[in-house]
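# Structural description and commentary
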Amino acid sequence: MDKRLKQDNSEPPQESLLAADMPPVVAPVKLRQLRYDGTILDRLDMLAEEVPVALVYNGVSHAVMMASPADLEDFARGFSLSEGIIEQSSEIRGVEAIPHAKGIELIIDLAPGSFWRLKERRRTIAGRTGCGLCGLDSLEAVARDLPKVSGDTKISLGAIKHALATLPAAQTYNAQAYALHAAAFCDRDGKLLLVREDVGRHNALDKLIGAVMGSGLDPKNGFCVITSRCSVEMVQKAVIAGMPILVSVSAPTLMARRTADEAGITLLALARDDSALVVTHPERISL
């Protein structure tokens, strides 16, 4: 939960939410289970919340994304970096999460010199939970120029196996609601250093990137694991964050493979406890 919250007084009190009333990430709901043998069971299940989160830069609303209401400062920083709005964490001078009756505003204080990047990557969208590229206004904006990933980080298959084995226990929200993706940053031995969860796979990775930025960890000294499919924008985010190795539990697209290959990132897919498919740049994987 974002700690830097304050009550918004621009709305009537009956329509605004106190910081203490921020939406829960998961909440219990009474449901009825219908079994095929005719049995009916009333039960209490945990469901994941998704909330419209408006990213507002220097007073200008830029995008509205559907997200889990947790780790919102990490989300603001990671989204800003992966969208090309900032190049380093210091360009964001402050973040406030302000709850409203209809969603949450992320008020982001952006350095004046960075404001032009906001216009270059302008979005005027309401982002769906699973959306990563909707709202971009040209094909050129999708096929963006990416830096080459450097670093001689090498990991073993054992490190990947260890990360995959320990990740489920770190997915505390998903263990309750079974509806959240996770992104984890691991050291070279596969130890989980940071884990972030969200109903949106892109949001989970953005939150992780923001957390890495805020922690002072060097993204080149480890690898990233995602519990979702690996489309091109997931590769783009990892490349921009400077992560040399991306491990996905699902399959990549052809465009994701091409992008990873050109950017020099090592991409592994269909990662399981007994194997992983090396898609690009196998030189970083030690057998």
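Now for a quick tour of the structure. (Residues numbered from 1 in each chain as written. Predicted model: local features only at pLDDT ≥ 70, side-chain atom pairs only at ≥ 80, totals over all residues. Heavy atoms only, no water.)

## Focus: the sheet that holds strand β13 (residues 266-269)
Going by this rule: A strand pair is defined by DSSP finding two or more bridges across the two strands. In this text, helices come from DSSP runs of H or I with a minimum length of four residues, and strands from runs of E with a minimum of two, each type numbered from the N-terminal end. Only C-alpha atoms enter the line fits that serve as axes; for helices the fit covers just the stretch in contact. Angles between N-to-C directions range over 0 to 180 degrees. Note on contacts: a residue pair qualifies if any of its non-hydrogen atoms lie within 4.5 Å across the two residues.
Pairing is mixed in the open sheet, where 6 strands are placed in the order β10-β9-β11-β12-β13-β14. The outermost strands of the open sheet, each flanked by one partner alone, are β10 (192-198) and β14 (277-280). Direction aside, the axes of adjacent strands within the sheet are offset by 20° on average. Relative to β10, strand β9 (residues 181-187) is paired through 6 bridges, and the arrangement is antiparallel. When the sheet's bridge partners are listed, Cys-186 is paired in β10 with Leu-192. Contacts from helix α4 (residues 157-170) reach β9, β10, β11 (222-226), β12 (245-248) and β13, with the element oriented near 50° to β10.

## A look at a nonpolar patch on the surface
Where we set the bar: Patch members must show over 30% relative accessible area and no salt bridge, and they are joined within 9 Å when carrying like charges or within 5 Å when they are nonpolar side chains of Val, Leu, Ile, Met, Phe, Trp or Tyr. Each accessible area value is a Shrake-Rupley result obtained with a 1.4 Å probe; residue values ignore everything except the protein chains displayed when judging cover. Here a salt bridge means any side-chain nitrogen of Lys or Arg lying within 4 Å of a carboxyl oxygen belonging to Asp or Glu. Burial classes: relative accessible area under 20% of the type maximum marks a residue as buried, over 50% as exposed, and values in between as partly exposed (1.4 Å probe, protein chains only).
Among the surface-exposed residues, Val-29, Leu-31 and Leu-47 lie close enough to one another that they form a single nonpolar patch of about 200 Å² accessible area. The partly exposed category is assigned to Leu-47, whose relative accessible area is 39%.

## Notes on the packing of aromatic side chains
Describing an aromatic ring pair means giving the distance of the ring centres and the angle of the ring planes. As a reminder, the rule being used: Stacked, edge-to-face and tilted are the three classes for Phe, Tyr and Trp ring pairs, Trp counted by its six-membered ring, which pair at centre distances within 6.5 Å; planes under 30 degrees apart are stacked, over 60 edge-to-face, the rest tilted.
Under the criterion given, the structure shown has 1 aromatic pair. On the basis of an interplanar angle of 65° and a centroid distance of 5.9 Å, the ring pair of Phe-75 and Phe-79 is categorised as edge-to-face. Of this pair, Phe-75 and Phe-79 both sit in helix α1 (residues 72-82), 4 residues apart, which is roughly one turn of that helix. Taking the relative accessible area as the measure of exposure, Phe-75 reaches 0% and is therefore buried.

## Considerations on helix α6 (residues 201-215)
Condition: A helix's residues, less one, multiplied by 1.5 Å, set its expected span.
For α6, which comprises 15 residues, the first-to-last C-alpha distance of 21 Å matches the rise-based estimate of 21 Å (1.5 Å per residue) to within 8%. Across the 15 residues of α6, 12 count as buried, placing the element largely inside the fold. Tucked inside the fold, the buried residues of α6 contact β4 (60-67), α1, β9, β10, β11 and α7 (232-241). Following α6 by one or two positions, Gly-216 adopts a phi angle in the positive range, close to 85°.

## Quick notes on unusual backbone geometry
For residues that are not glycine, phi is negative in most cases, and the peptide bond is trans in most cases. The backbone phi angle of Leu-270 is positive, close to 50°, even though this residue is not glycine. With relative accessibility at 37%, the residue Leu-270 sits in the partly exposed group. Even without a glycine there, the phi angle at His-281 is positive, about 45°. Mapped onto the fold, His-281 is located in the loop between β14 and β15 (285-286).

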